[in-house]
Amino acid sequence: MRKFTKLLCAATLIGAAFSAAAWEPSGDVKVIVAYKAGSGTDTGARVLATMAEKYIGKTLIINNMPGADGKIGWTALVQAKGDGQTIGFINLPTFTTLSTLPNAPFKTSDVIPVCNHLTETGVVVVKADSPYKTLKDLVEAAKKNPNIRASTNGVKASNHTAAQLLATSADFKYKAIPYGGTADQLLALRQNEVDFTCAKVADVAQLIKGDNPELRILGVFSENRLESLPEVPTLGECGYYNKWYGSARGIVVPKGTPKEVVDFYVDAFKKTAEDPAVIEAHQKAGLELDFMDDKAFGNLISEQEAFCKDVVTNLYK
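Note that the coordinates shown come from a computational prediction; the quantities given were computed from them, not determined experimentally.

Rules used throughout
- Residues numbered from 1 in each chain as written.
- Predicted model: local features only at pLDDT ≥ 70, side-chain atom pairs only at ≥ 80, totals over all residues.
- Heavy atoms only, no water.
- Core = buried A, V, L, I, M, F, W, Y, C linked by side-chain atoms within 4.5 Å.
- Buried < 20%, exposed > 50% of the residue type's maximum accessible area, 1.4 Å probe, protein only.
- Helix = DSSP H or I, 4+ residues; strand = E, 2+ residues; numbered from the N terminus.
- Contact = heavy atoms within 4.5 Å.
- Expected span 1.5 Å × (residues − 1).
- Axes fitted to C-alpha atoms, helices over the stretch in contact; angles between N-to-C directions.
- Parallel < 35°, antiparallel > 145°, perpendicular 65-115°, else oblique.
- Nonpolar A, V, L, I, M, F, W, Y, C, P; charged D, E, K, R; others polar.
- Salt bridge = Lys/Arg side-chain N within 4 Å of Asp/Glu carboxyl O.
- Polar contact = N/O pair within 3.5 Å; in protein donor to acceptor, adjacent residues only side chain to side chain.

(A) Summary view of the nonpolar core. Residues Val-124, Leu-135, Leu-166, Phe-172, Phe-196 and Phe-221 are the most contacted members of the largest nonpolar core, which totals 32 residues. With six residues, helix H6 (residues 158-170) is the largest single contributor of residues to this core. When neighbours within four sequence positions are excluded, Phe-172 is seen to be in contact with Val-139, Ala-142, Lys-143, Leu-166, Ala-167 and Phe-196.

(B) Region of the structure containing helix H2 (residues 40-56). In this model, H2 (17 residues) spans 23 Å end to end at C-alpha, consistent with the 24 Å of a helix rising 1.5 Å per residue. Three or more residues of H2 are buried, namely Gly-40, Thr-41, Asp-42, Gly-44, Ala-45, Val-47, Leu-48, Ala-49, Ala-52 and Ile-56. Two residues or fewer past H2, Gly-57 is found with a positive phi of approximately 85°.

(C) Structural context of the packing of helix H9 (residues 259-274) against helix H10 (residues 276-285). The geometry of H9 relative to H10 is characterised by a closest axis approach of 5 Å and an angle of 70° between their N-to-C directions. With respect to their mutual orientation, H9 and H10 come out roughly perpendicular. Contacts between H9 and H10 involve Thr-272, Ala-273 and Glu-274 from the first element and Pro-276, Val-278 and Ile-279 from the second. Looking at the contact of H9 with H10, its residues break down into four nonpolar, one polar and one charged.

(D) Broad picture of the pattern of salt bridges. In the structure shown here, the tally under the stated rule is 14 salt bridges. A salt bridge links Lys-255 to Asp-110, with the shortest nitrogen-to-oxygen separation between them at 3.6 Å. Placement of the pair is Lys-255 in the loop between strand S9 (246-254) and H9 and Asp-110 in the loop between helix H4 (94-99) and strand S4 (111-127), with a sequence separation of 145 residues. The class for Lys-255 is exposed, based on a relative accessible area of 53%. In this structure, Arg-225 engages Glu-237 in a salt bridge whose closest nitrogen and oxygen atoms are separated by 2.9 Å. Remark: Glu-237 occurs in the loop between strand S8 (215-220) and S9 and Arg-225 occurs in the loop between S8 and S9; sequence separation between them is 12 residues. On the accessibility criterion, Arg-225 (39% relative accessible area) is partly exposed. Among the residues examined, Glu-237 registers a relative accessible area of 47% and is labelled partly exposed. Ionic contacts of the salt-bridge type, sharing partners, join the residues Lys-107, Asp-110 and Lys-255 into one network.

(E) Just the side chain of Ser-222, in detail. Positionally, Ser-222 belongs in the loop between S8 and S9. Polar side-chain contacts of Ser-222 include one of 2.7 Å to the backbone oxygen of Asn-224. The residues touching Ser-222, leaving out its near neighbours within four places in the chain, are Thr-121, Thr-234, Lys-243 and Trp-244.

See the structure below:
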């Protein structure tokens, strides 16, 4: 009897372990991206999703749900079933900024972190043929003309906050013109609808290259010059905002998703991020791959939420 009991207990433990380890998606996985196709978030999501299929074992289908500065897609994400068949990308600090607004349709607690994907440094950008050759040129012009225009990726979205950090630290006024996302705000700059914009390095990487680049970077939101842009000064060097600012883009699942599902995706995306082919693909695309597991990404979300409450809120008063 005692031997039978031991065998039964052992079988139960093995069965439980096998059950937890055996979860996998039952079909194609929907990946919600809250911005339009061709945006920086969409580009990065597609690079990662395509190569992650090797480790997830199912097709990952990008579902672009743009609009309302990300609120449409993220509201759909938090309302999805927590069954592992729907995952999504969030952008920090835009997600945490929106979550702290009055009557916000979602909170940070409505999602469970899986992993960080990219961490991208902010930049100040003008057209390649702009009369503003340096960041100080731009600031001096803005001080003389408070009607200078900047495109943003949405009201109080990440690139709007970057412009606010620059303007506040440099003590000038400007007119922020919101667009539906980064792709649209950059198009506005390229079409001479605005005078400057703030974006991320990866967003403009292909537009500053070649013999006839479309755009020029005037400054980076970093404490030190970037290895990839050694000739571009930091804002701090010019006497303006002297801390790092940028965006993190990571994967989350809806609240209520079982732990074994979260663990499955953490493991799959970790293996993806460590794949040499994936690393090379990100480098070629100008994307700053920066994998963090669920715990580290959760800490980053909390830090960004505090940044939004303590810093970002004061920028828009």
